[in-house]
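# Coordinates in review
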Amino acid sequence: MSADEQKLDTADPTNIVIFGATGDLTRRKLMPALLRMLSCGLVHEDSCIHGVVHNRSETEWLQMIRDGFNLFSPKLSVDDGVWNQFSSHLKMIDGDLGDERTYKNIAESLQLLGGKKNVMFYCAIPPDWYGTVAKGLYQAGLVNEEEGYRRLVIEKPFGSDLESASALDNELQAVFDEEQIYRIDHYLGKESVQNLLVYRFANSIMEPLWNRNYIDHIQITASETIGIEYRAKYYENAGALRDMIQSHLMQLMTLVAMEPPVEFTADAVRDEKMKVLRAIRRFEPEQIKLHTVSAQYASGCVDGEDIAAYVSEENVSPDSATETFAGVKFYIDNWRWQGVPFILWTGKRLKSRVSEVMIRFRKPPFNLFDNHASIPAANALAFRLQPEGGVVIRLNAKKPGLTTDNEELVMRAPYADDVEKVSDAYEILMHDVLVGDSTLFSRGDEVEESWSIVEPILKAWEGRFSIERYRAGTWDIPAMDELTKDCVGGWHKPTVYE
Ligand code: BG6
């Protein structure tokens, strides 16, 4: 049996307790993922999904979940048969998160299930409640693992700065062991992100090139066309740096930059990632301006649709200076990466939706073909994460004809274009929780370290009154061209492949 088959085999019957069982995340992501997992055996058929719900009847809750499938996951075609099968696993627990009786109800509800003592507690709730839930579970005796595992899943954002993240860690670790806590960063659950590790460590041609001798710089990008999607209250206080760079993009950076771990296990991988974070150069206040870019979208047009400015969104202050675009040029002070800029950038309402890691190699040391019109472009290797996974290599080739003029050849190797076969990040991550594999989850020390890296930038941007603007649907951010002007090829604005 292969390691993967073993992994698929080991998900025992379990209780999944979801806090926030009427929320957006539950309806959009968790329930569809659980339905698929149950139907293909990734969740044991004897498992039970408990939704903690307040002020609603069970019938109302079930209807909400069913409507959620129709609204957000029409491709799953949840007809009566599928629904009856799935809903037989659902059970509602009535309760308010702030009331200790809720946790007693959970304990009783779990007792009624006889032998099935494994429990995954999923916090799909606002972060302010994480500590209360953890404490409530502890006081109701639900943290102890004598009778089965007890695992706590926490969603991002994990704190809003270093101080709040370590306060939260202290609160959680007072009642759960670190091994029981699973901090989700859904980027790590993406197939294409895990594939990045396979590309790096299962191909011998990568390693010799993977260092400062050959690489000019690396750009790690999450460019979005969507806006803030009714999340103004959260986003106004977060901004792009907290929302995407501190979490998803820094996690990608650690995977790209880490040394090969001695084995593919949670602690071996996370120890290597941690070493990268510790080596990232901290900015002095006067360096921030030179190494960062922030901007906010003004009105414009995205994919043919007129878009209002960020400041005109509901619940956004008209004089808001929150950044919807952020770019940071980081350096990693170690032997492999000394002097190689890592440019992490992300933005909402940009021209195209693309996430990728682009490795730009140095220029050829000498241009043999210099007496001709064309100068070879520096090679690039891009790991495309979405919208479609794959690898793109940019090589120079001879232009057909009598001269030695060259042109850039873009070689594309799509990966898993068949979206049906690509598991959703939440399926992968929830399954990992069920089998106790925390390799793809952020450890407490990683989260705190990444907050400490962005902290000086947050401080510098705090309380400012104005910010640069860019037209929605464009790349009109001159400060990014300036930030990347010394990098070979400059700012790489990715396009979507047809
Ligand atoms: C979330 C951010 O974590 O990731 C959102 O809060 C962002 O603002 C989203 O849109 C992007 O995720 P994905 O998977 O669509 O790239």
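Structure's up top.
Anyway, here's the lowdown on the structure attached to this text.

About the thresholds
The written sequence of each chain sets the order in which its residues are numbered from 1. Two thresholds apply to this predicted model, a pLDDT of at least 70 for residue-level local features and 80 or more for giving and counting side-chain atom pairs, whereas whole-chain, interface and lining totals are computed over all residues. Water and hydrogen atoms play no part in the side-chain values, which are based on all heavy atoms of the structure. Helix and strand definitions here come from DSSP, where helices need a minimum of 4 consecutive H or I residues and strands a minimum of 2 consecutive E residues; each element is numbered from the N-terminal end. Residues are treated as being in contact if the distance between any of their heavy atoms lies within 4.5 Å. For Phe, Tyr and Trp, where Trp contributes only its six-membered ring, two rings pair if their centres lie within 6.5 Å, and the inter-plane angle classes them as stacked under 30 degrees, edge-to-face over 60, or tilted in between. When a residue's accessible area, from a 1.4 Å probe over protein chains only, is under 20% of the maximum for its type it is buried; when over 50% it is exposed; and in between it is partly exposed. Note on geometry: a ring has a charge over it if NZ (lysine) or CZ (arginine) is within 6 Å of the ring centre and within 35 degrees of the ring normal. Here an axis means a line fitted to C-alpha atoms, over the contact stretch when the element is a helix, while the angle between two N-to-C directions is reported on a 0 to 180 degree scale. When an angle is under 35 degrees it counts as roughly parallel; over 145 it counts as roughly antiparallel; between 65 and 115 it counts as roughly perpendicular; any other value is oblique. Crossings are sorted by hand: turned counterclockwise from the far helix by less than a right angle, the near helix makes the crossing left-handed, and turned clockwise it makes it right-handed. Just so you know the grouping, Ala, Val, Leu, Ile, Met, Phe, Trp, Tyr, Cys and Pro go in nonpolar, Asp, Glu, Lys and Arg go in charged, and all remaining residues, Gly too, go in polar. Throughout, the term near means that a residue has one or more heavy atoms lying within 4 Å of the molecule or strand in question. Distance and chemistry together define a polar contact, namely a pair of N or O atoms within 3.5 Å, with one atom able to donate a hydrogen and the other to accept it when in protein, and with adjacent residues in sequence counting only for side-chain atoms on both sides. Accessible areas in this description were obtained via Shrake-Rupley with a 1.4 Å probe; residue shielding takes into account the shown protein chains only. As defined here, a cavity is a set of points on a 1 Å grid over the protein atoms alone where a 1.4 Å probe fits but cannot get out. A pocket is an open set with protein on both sides within 12 Å along at least five of seven lines, and residues line them when an atom is within 4 Å of a point. Grid points are joined across faces, edges and corners, and a volume is the space filled by probe spheres set on the points. For patch detection, residues must exceed 30% relative accessible area and be free of salt bridges, and they are connected within 9 Å for like charges or within 5 Å for nonpolar side chains (Val, Leu, Ile, Met, Phe, Trp, Tyr). For this analysis, a salt bridge means a side-chain nitrogen from Lys or Arg found within 4 Å of a carboxyl oxygen belonging to Asp or Glu. DSSP calls a pair of strands paired once it identifies at least 2 bridges connecting them. A clockwise path from the first strand over the helix to the second, with the strands pointing away from the viewer, defines a right-handed crossover.

Turning our eyes to something else, we now look at the environment of G300. Position of G300 among the secondary structure elements: in strand β8 (residues 292–302). Along the backbone, G300 and N84 are 216 residues apart, and their C-alpha atoms lie at a distance of 46 Å. Those residues within four positions of G300 in sequence are excluded, and the remaining contacts are E305, D306, I307 and A472.

Counted according to the given criterion, the structure contains 20 aromatic pairs. Between the aromatic rings of Y199 and F383, the centroid separation amounts to 5.3 Å while the plane-to-plane angle is 35°, which identifies the pairing as tilted. Taken together, the residues span a long stretch of sequence, with Y199 in helix α8 (residues 191–201) and F383 in strand β13 (residues 380–386) at a distance of 184 residues. Take F383: its relative accessible area is 1%, and that puts it in the buried class. Taken together, the ring pairs in this structure connect Y234, Y235, Y297, Y310, F325, W345, Y470, W475 and W491 into an aromatic cluster. One Lys or Arg, R183, reaches over the ring of F158 and ends 4.9 Å from the middle of that ring. It is K190 that lies over the ring of Y187; its NZ or CZ is 4.8 Å from the centre.

All right, on to the packing of helix α7 (residues 162–173) against helix α13 (residues 444–461) then. Any two packed helices are characterised by the angle at which their axes cross and by the distance between the axes. One way to put it is that α7 packs onto α13 with a least axis distance of 9 Å and a crossing angle of 165°. Considered as vectors, α7 and α13 are oriented roughly antiparallel to each other. The interaxial crossing formed by α7 with α13 has left-handed handedness. Between α7, through L162, A165, S166 and D169, and α13, the contact on the second element is made entirely by G444, E448, W451, S452 and E455. Here the contact of α7 with α13 is composed, by residue class, of three nonpolar, three polar and three charged.

A word on the site of the ligand. Residues in close proximity to the ligand include K156, H186, Y187, K190, E224, I226, R231, D243, M244, H248, K348 and Q386, which together make up its full environment. At a separation of 2.6 Å, an oxygen atom of the ligand approaches a polar side-chain atom of Q386. Isolated, the ligand exposes 400 Å² of accessible area, and the fraction of that covered by the protein chains is 81%. Looking at the shell around the ligand, the element that brings in the most residues is helix α9 (residues 232–257), giving three residues. A class-by-class count of the residues in the shell around the ligand yields three nonpolar, three polar and six charged.

Below, the discussion takes up empty space enclosed by the protein. A complete count under the given rule lists three cavities of 30 Å³ or more for this structure. If you add up the space inside the largest cavity, you get close to 180 Å³. Lining the largest cavity are 19 residues, with D185, Q246, S247, S442 and V447 positioned closest to its centre. Looking at the lining of the largest cavity, the elements with two or more residues in it are α9 and α13. Element by element, the count of residues in the lining of the largest cavity is highest for α9, at five residues. In this model, the second largest cavity occupies a volume close to 40 Å³. Lining the second largest cavity are S192, N195, L196, Y199, F383, R384, L385, G389, G390 and Y415. Elements represented by at least two residues in the lining of the second largest cavity include exactly α8, β13 and β14 (389–398).

Taken together, the side chains of I393, L395, L409 and M411 define a hydrophobic patch exposed on the protein surface, amounting to about 300 Å² of accessible area. Looking at the nonpolar patch, the elements with two or more residues in it are β14 and β15 (406–415). Inspection of the secondary structure assignment puts L409 in strand β15.

This part takes up the sheet that holds strand β3 (residues 90–94). Across the sheet, six strands lie side by side as β3-β2-β1-β4-β5-β6; this open sheet has parallel pairing. Each edge of the open sheet is held by one strand with a lone partner, namely β3 and β6 (181–183). Sheet twist, expressed as the average angle between the axes of neighbouring strands with direction ignored, equals 20°. Two elements, strand β1 (residues 15–19) and strand β4 (residues 119–123), share five bridges in a ladder whose sense is parallel. The partner of V17 across the bridge, within β4, is F121. Contacts between helix α2 (residues 24–39) and the sheet are confined to β1, β2 (48–53), β3 and β4, with β1 contributing the most and set at about 170° to the helix. Helix α6 (residues 130–139) rests against β1, β4 and β5 (150–154) of the sheet, and its axis sits at about 155° to β4.

Most of β5 is tucked away, with five of its five residues classed as buried. Residue alternation in β5 divides its side chains into two sets, R150, L152 and I154 and R151 and V153, and both sets are buried. Of the pairings in the sheet, the one linking β4 to β5 comprises five bridges and is parallel in character. Looking at the pairing, C123 lines up with I154 of β5. As a crossover connection, the stretch from β4 through α6 into β5 is right-handed. Strand direction decides the pairing type here: β5 and β6, joined by three bridges, are parallel. By the bridge assignment for β6, I154 is matched with R183. Each parallel crossover has a hand, and the one from β5 via α7 to β6 is right-handed.

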